[in-house]
2 protein chains.
Amino acid sequence: QNITHMQSTTPFSGAVRLGILGGGQLGKMIIDEVMRYDIFVGTLDPSTQASTAPYAHICRHGDFRKREDVLEFGADFDVLTIEIEDVNTDALRELEAQGKRVYPQPDVIDIFRDKSVQKEFYRKHAIPTSDFVILENKPTDWDDFPVVWKAATGGYDGKGVKLLRGKSDLVDLPDGRCVMEELVPIAKEIGVIVSRNVSGEIAVFPPVEMEFHPEANLVELVFAPANISAEQSAEAERLARILAEKTRIVGTLAVELFLDNDGNFIVNESAPRVHNSGHLSIEACYTSQFEQHVRAILDLPLGDTSLIMPAAMGNVVGEPEYSGKVVYLGAEELLRQRGVYLHLYGKTETRPYRKMGHITCLHKSTTQAREIVRSLRQTFKIIAQ
Amino acid sequence: QNITHMQSTTPFSGAVRLGILGGGQLGKMIIDEVMRYDIFVGTLDPSTQASTAPYAHICRHGDFRKREDVLEFGADFDVLTIEIEDVNTDALRELEAQGKRVYPQPDVIDIFRDKSVQKEFYRKHAIPTSDFVILENKPTDWDDFPVVWKAATGGYDGKGVKLLRGKSDLVDLPDGRCVMEELVPIAKEIGVIVSRNVSGEIAVFPPVEMEFHPEANLVELVFAPANISAEQSAEAERLARILAEKTRIVGTLAVELFLDNDGNFIVNESAPRVHNSGHLSIEACYTSQFEQHVRAILDLPLGDTSLIMPAAMGNVVGEPEYSGKVVYLGAEELLRQRGVYLHLYGKTETRPYRKMGHITCLHKSTTQAREIVRSLRQTFKIIAQ
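Let me begin by describing the structure that accompanies this report. Every value quoted in this text rests on a predicted model; they were computed, and no experiment measured them. (Residues numbered from 1 in each chain as written. Chains lettered and ligands numbered in written order. Predicted model: local features only at pLDDT ≥ 70, side-chain atom pairs only at ≥ 80, totals over all residues. Heavy atoms only, no water.)

Thoughts on the overall build of chain A
Part 1 of the reasoning: Along the backbone of chain A there are ten helices and 21 strands.
Part 2 of the reasoning: For 385 residues, the compact-globule formula gives about 21 Å, and the C-alpha radius of gyration of chain A, at 20 Å, lands near that figure.
Part 3 of the reasoning: Overall, the C-alpha framework of chain A stretches about 65 × 50 × 45 Å when taken along its three principal axes.
Part 4 of the reasoning: Buried residues in chain A amount to 62% of all 385 residues.
Part 5 of the reasoning: Partitioning the contacts of chain A with sequence separation of at least 6, the portion at a separation of at least 24 is 63%.
Part 6 of the reasoning: Counting only carbon and sulfur atoms, one obtains 46% of the accessible surface of chain A, whose full area is about 14,700 Å².
Part 7 of the reasoning: Placing the 42 positive and 55 negative side-chain charges of chain A at their respective mean positions leaves the two points 2 Å apart. (Helix = DSSP H or I, 4+ residues; strand = E, 2+ residues; numbered from the N terminus. Rg over C-alpha atoms; globule rule 2.2 N^0.38 Å. Buried < 20%, exposed > 50% of the residue type's maximum accessible area, 1.4 Å probe, protein only. Contact = heavy atoms within 4.5 Å. Areas by Shrake-Rupley, 256 points an atom, 1.4 Å probe, with all protein chains shown as cover. Lys, Arg positive; Asp, Glu negative; His and termini not counted. Charge placed at Lys NZ, Arg CZ, Asp CG, Glu CD.)

Things to note about the interface of chain A and chain B
Part 1 of the reasoning: Facing 47 residues of chain A, the contacting portion of chain B comprises 47 residues.
Part 2 of the reasoning: Together chain A and chain B conceal approximately 4,700 Å² of surface at their shared face, both sides included; 58% is due to carbon and sulfur atoms.
Part 3 of the reasoning: Ranking the residues of chain A by area buried against chain B places Met35, Arg36 and Tyr55 of chain A at the top, with a combined share of 17%.
Part 4 of the reasoning: Summed over the shared surface of chain A and chain B, the result is four salt bridges.
Part 5 of the reasoning: We note a salt bridge from Asp304 of chain A to Arg338 of chain B, for which the minimum N-O separation is 2.8 Å.
Part 6 of the reasoning: Remark: the boundary between chain A and chain B carries 18 residue pairs in polar contact (both at pLDDT 80 or more).
Part 7 of the reasoning: Within the side of chain A that touches chain B, the residues separate by chemical class into 25 nonpolar, eleven polar and eleven charged. (Buried area = accessible area lost by both parts, 1.4 Å probe. Salt bridge = Lys/Arg side-chain N within 4 Å of Asp/Glu carboxyl O. Polar contact = N/O pair within 3.5 Å; in protein donor to acceptor, adjacent residues only side chain to side chain. Nonpolar A, V, L, I, M, F, W, Y, C, P; charged D, E, K, R; others polar.)

Side note on the packing of helix 2 (residues 67-74) of chain B against helix 3 (residues 89-97) of chain B
Residue and element names in this part refer to chain B.
Part 1 of the reasoning: At a minimum axis separation of 8 Å, helix 2 and helix 3 run at an interaxial angle of 35 degrees. Between helix 2 and helix 3 the crossing geometry is right-handed. Contacts between helix 2 and helix 3 involve Arg67, Val70, Leu71 and Gly74 on the former and, on the latter, Ala91, Leu92, Glu94 and Leu95.
Part 2 of the reasoning: Residue composition of the contact of helix 2 with helix 3, grouped by class: five nonpolar, one polar and two charged. (Axes fitted to C-alpha atoms, helices over the stretch in contact; angles between N-to-C directions. Left-handed = near helix turned anticlockwise from the far one by under 90°.)

Let's talk about the sheet that holds strand 17 (residues 324-329) of chain B
Residues and elements named next belong to chain B.
Part 1 of the reasoning: Strand order in the open sheet formed by three strands is 19-17-21, and the pairing between neighbours is antiparallel. The open sheet has two edge strands, strand 19 (349-350) and strand 21 (381-384), and neither has a second partner.
Part 2 of the reasoning: With four bridges connecting them, strand 17 and strand 21 associate as antiparallel partners. Looking at strand 21, one finds that Val326 is bridged to Ala384. (Pairing = 2+ DSSP bridges.)

Some details on the relation of the copies chain A and chain B
Part 1 of the reasoning: Superposing chain A onto chain B takes a rotation of 180 degrees combined with a translation of 0.0 Å along the rotation axis, leaving an RMSD of 0.0 Å. The relationship between the two copies is best expressed as a two-fold rotation axis. Taking C-alpha positions as the reference, the residue of chain A nearest the rotation axis is Tyr55 of chain A, at 2.5 Å.
Part 2 of the reasoning: Here 100% of the interface residues in chain A have copies in chain B that are interface residues too; the copies meet face to matching face. (Least-squares fit on C-alpha atoms with pLDDT ≥ 70 in both.)

Considering the packing of aromatic side chains
Part 1 of the reasoning: One pass over the structure, following the stated rule, counts eight aromatic pairs over all chains.
Part 2 of the reasoning: Relative to Phe77 of chain A, the ring of Phe73 of chain A lies with its centre 4.6 Å away and its plane at 40 degrees, an arrangement referred to as tilted. The pair Phe73 of chain A / Phe77 of chain A is uniform in exposure class, with both members buried.
Part 3 of the reasoning: Here the aromatic cluster, defined as three or more aromatic residues joined through ring pairs, consists of Phe12 and Tyr37 of chain A together with Tyr328 and Phe380 of chain B.
Part 4 of the reasoning: When the ring centre of Phe77 of chain A is taken as reference, the NZ or CZ atom of Arg17 of chain A above it lies at 5.8 Å. (Phe/Tyr/Trp six-rings, centres within 6.5 Å; stacked < 30°, edge-to-face > 60°. Lys NZ or Arg CZ within 6 Å of the ring centre and 35° of its normal.)

A look at unusual backbone geometry
Part 1 of the reasoning: Cis peptide bonds are those with omega within 30 degrees of zero, and the linkage from Tyr103 of chain A to Pro104 of chain A qualifies with 0 degrees.
Part 2 of the reasoning: Considering the arrangement of structural elements, one finds Pro104 of chain A in the loop between strand 5 (101-102) and helix 4 (106-113).
Part 3 of the reasoning: The omega angle of the peptide bond from Phe145 of chain A to Pro146 of chain A is -5 degrees, so this bond is cis rather than trans.
Part 4 of the reasoning: Tracing the backbone through its elements, the reader meets Pro146 of chain A in the loop between strand 6 (132-135) and strand 7 (147-151).
Part 5 of the reasoning: If you check the backbone angles, Ala126 of chain B has positive phi at about 60 degrees while not being a glycine.
Part 6 of the reasoning: Considering the arrangement of structural elements, one finds Ala126 of chain B in the loop between helix 5 (115-124) and strand 6 (132-135).
Part 7 of the reasoning: Given the relative accessible area of 67%, Ala126 of chain B is considered exposed.
Part 8 of the reasoning: Positive phi values are uncommon outside glycine, yet Asp299 of chain B reaches one of about 55 degrees.

Some words on the pattern of salt bridges
Part 1 of the reasoning: Under the definition given, this model contains 57 salt bridges over all chains.
Part 2 of the reasoning: The salt bridge involving Arg336 of chain B is made with Glu201 of chain A; its shortest N-O contact spans 3.6 Å. Here Glu201 of chain A lies in the loop between strand 10 (188-196) and strand 11 (202-204) and Arg336 of chain B lies in helix 9 (residues 331-336), a pairing that spans two chains.
Part 3 of the reasoning: According to the relative accessible area criterion, Arg336 of chain B is partly exposed, its value standing at 47%.
Part 4 of the reasoning: For Glu201 of chain A, a relative accessible area of 27% puts it in the partly exposed group.
Part 5 of the reasoning: Where Arg177 of chain B meets Glu136 of chain B, a salt bridge forms, and the shortest distance between an N and an O atom there is 2.4 Å. You can see Arg177 of chain B sitting in the loop between strand 8 (161-164) and strand 9 (178-182) and its partner Glu136 of chain B sitting in the loop between strand 6 and strand 7 (147-151), a full 41 residues away along the chain.
Part 6 of the reasoning: Judged by its relative accessible area of 29%, Arg177 of chain B falls in the partly exposed class.
Part 7 of the reasoning: Among the ionic contacts, a cluster of salt bridges with common partners joins Asp63, Arg65, Asp86, Asp90, Arg93, Asp107, Asp110 and Arg113 of chain A.

Let's talk about the side chain of Ser195 of chain A
Part 1 of the reasoning: In this structure, Ser195 of chain A sits in strand 10.
Part 2 of the reasoning: Apart from the residues within four sequence positions on either side, Ser195 of chain A is in contact with Glu201, Ile202, Ala203, Phe205, Gly251, Thr252, Gln292 and Leu302 of chain A.

A few points about the nonpolar core
Part 1 of the reasoning: Counting residues in each nonpolar core, the largest one holds 94 residues, and the members touching the most others are Phe12 and Phe380 of chain A together with Phe12 and Phe380 of chain B.
Part 2 of the reasoning: Among the nonpolar cores identified, the runner-up in size contains 28 residues, and Leu280 and Met313 of chain A together with Leu280 and Tyr286 of chain B belong to it. (Core = buried A, V, L, I, M, F, W, Y, C linked by side-chain atoms within 4.5 Å.)

A few points about the sheet that holds strand 6 of chain B
All names here are of chain B.
Part 1 of the reasoning: Pairing within the open sheet is antiparallel, and its four strands lie in the order 6-9-7-8. The open sheet has two edge strands, strand 6 and strand 8, and neither has a second partner. Going across the sheet, the axis of each strand differs from the next one's by a mean of 20 degrees, ignoring polarity.
Part 2 of the reasoning: As judged from the five bridges shared by strand 7 and strand 9, these two strands associate in the antiparallel manner. Bridging from a neighbouring strand, Lys150 pairs with Val179 of strand 9.
Part 3 of the reasoning: Along the sheet, helix 5 makes contact with strand 6, strand 7, strand 8 and strand 9, crossing strand 6 at roughly 140 degrees.

Listed below in structure tokens is the structure:
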């Protein structure tokens, strides 16, 4: 390989080889957002149909949960990162020991990939969070309802989380370590993305507000600026910044906060990676979360995170009745709208509620942006052939 | 190949295969700008180091001026387009006859790739342009100076154009068909990008103003909105629209206009493709010229072209004293600036004045945007190892 290390100058034009564990939509958007710097990017994914497959410089097939696959993949890169937290961190530690730059650090990934460890981290560092009890296996004789059950590991997109209202809800829980959390009355859900680079510089994105789909438990709509006071916004950013400082993460931390009826924040959960709640940053902010993540892990100066314009983002998910080869309906109306951006993740097969893409709308009025995204989600549909 | 034609629905997610003749920076930016639609894109370029090589779904090596290479490449695609006009249009006509969709149409490319044909087209359709004479070979006994000599074909980036001040300037001219043009006193140079889709819909980008480097004859700075009156802006857009209508081009036409001291426009020259004068549309407009071009040739609705914010764009060219493996200096300051976007074209070798990338700056004040780009071009330098 004809590679020179020019960290003292820039990582542009293939001077640094960046490997991403995971080849889904987050990886695809990372590649898209740093293509203008011509950064060499490879991905590791078990699927031969990975979203990154057509765009990565190198697209390896393998399991990021398997030690050998991660070690073999890592050998070809200078800097390693993740787009999913459920990876083999022991292998990443071995690569770190070999001198590879692994960001976020494997020890930081380990804090967040296990929700019980994550909750204990919040408690230890006096980060406000809901009360909780950690159980080594699912509860069989629980009395205190309602309560939120969360699987310690493996949960995503609404899986691994369940609101239990009574003893009968205990029956269907899967086995395994879990966190039982107090149910907090929530006024709003707020997301904050924070990035920290190798040199310790920190930048925080403007807080976004999230609306969830009641059935699928997926984020339905995200908008910015959040409809909260300037003081609340500053407090949300302060909490995110503290988390970045306490963990000393290099990379991106997506922090989900609950705002209660008294106007106080608690941290619900965080992910050590780029996140659905930050997608609108691609068009709405001067720097996107994807570019910012790469700047952070390559130790470049962090970019300006301020909003160019208010925005709303809605996920585009497969219609519930359809599985199979994807067909898009109603794209014409969407394409005609000023300030509307469609992102498709390159998944050839749709399934009920599968995340297939997202729509962002820029508008001087946040309310209007939300209305437009809501309306387009009624007309732009994903079905199967 | 497992391809279904779904023109009736959408060309997303690989449903249509788009082939581009040329794999330079324009091709790279086309791929970048439609990656979020997951459109299948292949490129044909003689260089194995083409800018598109890491990002195209298929990257073929071959000469777009050679009939066989174009025919072989075209066989694999549904829609063909260009990022350079110096291509084999006879081969494209054969592909058209085979049922391929070729946009812009080969006959339209032929109008613009030969400057003598282009000038005659303007005259025939009463498009204002400077007076001219077409010569079958370079002049040997010309008397009327000053005059602008232009090679009929093969000119680009300042090559193939020369201002002749006297008989002694005739000596060094290369052989070949040429256009001798009246030298027009110019107050401003204005660029307008116009797109027309298969269905005949036309959309015009806001006029930009261009400043040229006095030595290299390369565009040095482009900014929008142009510093002209609303009436002048409307007139520039009208001329671009007329050209799109008269040629019936499907795709993109980049029109360069001279504004004389009396406030009248004449068309200098046009290119039937995305163009350097439209690069700022990536960040400054709701829809970029690159996305718009793809929308046009895939017969999608055209996007909104209005400005999100004023902007300036400066080319980043290789320092005159350096040739060899590229080294970037001064990126840190650039990366810290709000609203500044660096685009690198992925060229590993620099040469004097070679276009290596561009910088766009968004700013509420056009003057400030211009100042920032000018200043960054002093600090961000491209040299060789």
